Amino acid sequence: MRKFAVVKDQFLKYDVKADEIKIPVRATRTSVAYDVYSPITVEIPSGETKLIFSNLKAYFEDDEVLYMATTSGMGKRGLMLAQGVAVIESDYADNESNDGNLGFMLYNHSKDTIVINKGDKIGQCWFAKFLVVDDEVPPTGVRTGGFGSTKK
């Protein structure tokens, strides 16, 4: 099952209510990615990074991945994901520290402060299948945290 859902109330950021969160949608019938919208208004000064949590989580199969990136329009304005592209594993949803709240770490490489308004598109997400090597020893690690928690 693949779907987006609002995180549990105790994990909502920015003092917003669950019914204010817009579930991601594809803009056209041939769109690959789902557009994600900001739950807050925030300024990102030149050369700085801001983490904006979407207040959403995603459910998908264990052999799938959710990729997150900025849109071309954001790139045109001078915003990019600080890490380039985000890779989200299926066990991120419902984790104990943030319930799988998807965050966009936006870096402003323009010369100006950029304002993201509540309701503006902050990025996009798409699902894909992935493969593993045939002779892999299956990992035994279990996710115990949220954002940036995968053990090395």
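Residues numbered from 1 in each chain as written. Predicted model: local features only at pLDDT ≥ 70, side-chain atom pairs only at ≥ 80, totals over all residues. Heavy atoms only, no water.

(A) Inspection of unusual backbone geometry at higher detail. Phi is positive for aspartate 15, close to 55°, though the residue is something other than glycine. Mapped onto the elements of the fold, aspartate 15 is located in the loop between β1 (3–6) and β2 (34–37). Given the relative accessible area of 78%, aspartate 15 is considered exposed. The residue aspartate 94 is not glycine, and still its phi comes out positive at about 70°. Among the structural elements, aspartate 94 can be located in the loop between β8 (86–89) and β9 (103–108). (Helix = DSSP H or I, 4+ residues; strand = E, 2+ residues; numbered from the N terminus. Buried < 20%, exposed > 50% of the residue type's maximum accessible area, 1.4 Å probe, protein only.)

(B) Focus on the nonpolar core. Among the nonpolar cores identified, the biggest contains 30 residues, and Leu66, Leu102, Phe104 and Leu106 are the most heavily contacted of them. Secondary-structure elements contributing two or more residues to this core are β3 (42–44), β5 (56–59), β6 (64–69), β7 (79–81), β8, β9, β10 (114–116) and β11 (121–129). Per-element tally for this core: the top contributor is β11, with 3 residues. The contact partners of phenylalanine 104, leaving out residues within four places of it in the chain, are Val36, Lys50, Leu51, Ile52, Met68, Ala69, Leu81, Ile122, Gly123, Gln124 and Cys125. (Core = buried A, V, L, I, M, F, W, Y, C linked by side-chain atoms within 4.5 Å. Contact = heavy atoms within 4.5 Å.)

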